[in-house]
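# Coordinates in review
The lines below spell out each chain.
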Amino acid sequence: MSTRRPFIGGNWKMNLHQGEAVDLALALADKITGDSVQIAVFPAFPYLLPVATVLHEKGAPIAVGAQDVYTQSNGAFTGEVSLSMLQDCGVSTVLVGHSERRHVIGETDPLINDKVLAALEAGMDVILAVGETIEQREADKTDSINTGQLGYGLAGVSDEQMKRVTIAYEPVWAIGTGKTATPDDAQRAHMVIRQAIAFMFDQAVADGVRIQYGGSMKPGNAAELLAQTDIDGGLIGGASLKADDFAGIIQAAAATV
Ligand code: 13P
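Conventions adopted
Residues numbered from 1 in each chain as written. Predicted model: local features only at pLDDT ≥ 70, side-chain atom pairs only at ≥ 80, totals over all residues. Heavy atoms only, no water. Buried < 20%, exposed > 50% of the residue type's maximum accessible area, 1.4 Å probe, protein only. Helix = DSSP H or I, 4+ residues; strand = E, 2+ residues; numbered from the N terminus. Pairing = 2+ DSSP bridges. Salt bridge = Lys/Arg side-chain N within 4 Å of Asp/Glu carboxyl O. Expected span 1.5 Å × (residues − 1). Arc of directions from axis to C-beta. Contact = heavy atoms within 4.5 Å. Axes fitted to C-alpha atoms, helices over the stretch in contact; angles between N-to-C directions. Parallel < 35°, antiparallel > 145°, perpendicular 65-115°, else oblique. Nonpolar A, V, L, I, M, F, W, Y, C, P; charged D, E, K, R; others polar.

### Focus on the pairing of strand β7 (residues 210-213)
Alternating residues of β7 divide into Arg210 and Gln212 and Ile211 and Tyr213, and every residue in both groups is buried. Strand direction decides the pairing type here: strand β6 (residues 165-169) and β7, joined by four bridges, are parallel. If you follow Thr166 over to β7, its bridge partner there is Arg210.

### Overview of unusual backbone geometry
One non-glycine residue, Lys13, lies in positive phi territory at about 50°. For Lys13, the position within the fold is in the loop between β1 (7-11) and α1 (18-31).

### A closer look at the environment of Ala223
With respect to the helices and strands, the residue Ala223 is situated in helix α10 (residues 219-226). For Ala223, a relative accessible area of 45% corresponds to the partly exposed category. Sequence-wise, Ala223 and Ile250 are 27 residues apart; in three dimensions their C-alpha atoms are separated by 9.7 Å.

### Topic: the pattern of salt bridges
Side chains that carry opposite charge are capable of pairing whenever their charged atoms lie near each other. Under the definition given, this model contains 15 salt bridges. Linked through salt bridges whose partners overlap, the residues forming this network are Arg4, Arg194, Asp230 and Asp232.

### Section: helix α7 (residues 142-153)
Given a rise of 1.5 Å per residue, twelve residues ought to cover 16 Å, and the 16 Å separating the end C-alpha atoms of α7 matches this to within 8%. Turning to α7, its buried residues are Thr142, Ile145, Asn146, Gln149, Leu150 and Gly153. The arc that holds the buried residues of α7, viewed along the axis, is 130°, so those residues lie on one side. In this structure, the buried residues of α7 make contact with α4 (99-105), α5 (109-121), β5 (125-130), α6 (134-138), β6 and α8 (183-200).

### Comments concerning the packing of α5 against α7
Here α5 crosses α7 at 50°, and the two axes come no closer than 8 Å. On the basis of the axis angle, α5 is oblique to α7. Seen from α5, the contacting residues are Asp109, Asn113 and Val116; seen from α7, they are Gln149, Tyr152 and Gly153. Residue composition of the contact of α5 with α7, grouped by class: two nonpolar, three polar and one charged.

### Quick look at the pairing of β5
Counting buried residues along β5, five of its six residues qualify, which places the element largely inside the surrounding structure. Where strand β4 (residues 93-96) and β5 come together, four bridges link them in parallel fashion. From the neighbouring strand, Leu95 faces β5, where its bridge partner is Ile127. In the sheet, β5 pairs with β6 via five bridges, with the strands oriented parallel. Paired with Ile127 across the two strands is Thr166, which belongs to β6.

Limitation: the analysis is restricted to geometry and does not speak to function.
Rendered as C-alpha cells:
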C-alpha cells in the first residue's frame, strides 16, 4: 500500500459501438461515487464525445482518455487525430505506447517519445505503457526492456511534467490472455521501473509517479495486486467492458486507501 492516489483506467480498445459505450458510461456513472480513486475510461475515437458528454452531464468522477494521439496539431496527416481535437471532445488524458500500438501497429520508441512530449506540451495527462513480450521475459530481458522503453519514452520530459505522467506496466504475455503476473513478479517489475525513474529524474519524482499494472486484472485478483507497495492502480482491458467488474476493481483500489 502506498500514499499515492490509486489510478484505475478502463481501456475499451476497439470494442463497443456507440449505444454500448454510452450505456457502459451511464452504468459506471451510477455505480461510481467518491474520489479516493482516480478513474478514466478510454473509448474508441468516434465515441469520445458522446461518452464524455454523458459522464459530464451525470457529474461522474470519471475522466475520458484517448487510446492514442498524433504529434502534429493539424495538416496533411490522413487518419490521425490531434491533441486539440481530443481536447475539443473533452479528453484530458492520452494513452501512449500501448503494447498493441507497439507490437501490432508497429509504433517505435522515437514516435512514442514524440507523442509523450507533444501531449505534455498540450497540457494533457499521459499514461505511458511499457512491458516485455514472452520471448523477452524468457530471455531474462524483462528489466532491460522496461527500463529501455521508459528511457526512450520519457526522454526530454521535465520533473514538473512528470507530475502528469503515469506509467502502465503491461507484460504483453498477460494482456487479454487470462494469465496474470503473480503479485510478487509484478511488484518486482514495478520496483525496477520506479528505481529507473529515480535514476532518470530523482527520488521525489519516482516516489510521486503512479505505476499501474495491466494484464488480465479482474475483481478476483485486483486486491492482491493492488496491495503491493509499488502497484498504484491498474489499466484494465477486458474487465473494463463490464460495469460490475470494472466497479469491483475500483472498489478493490479504494480499499487500499
Ligand atoms: P486485459 O485486461 O484485457 O488483459 O488488457 C490489459 C490492457 O491491455 C489494458 O490496456
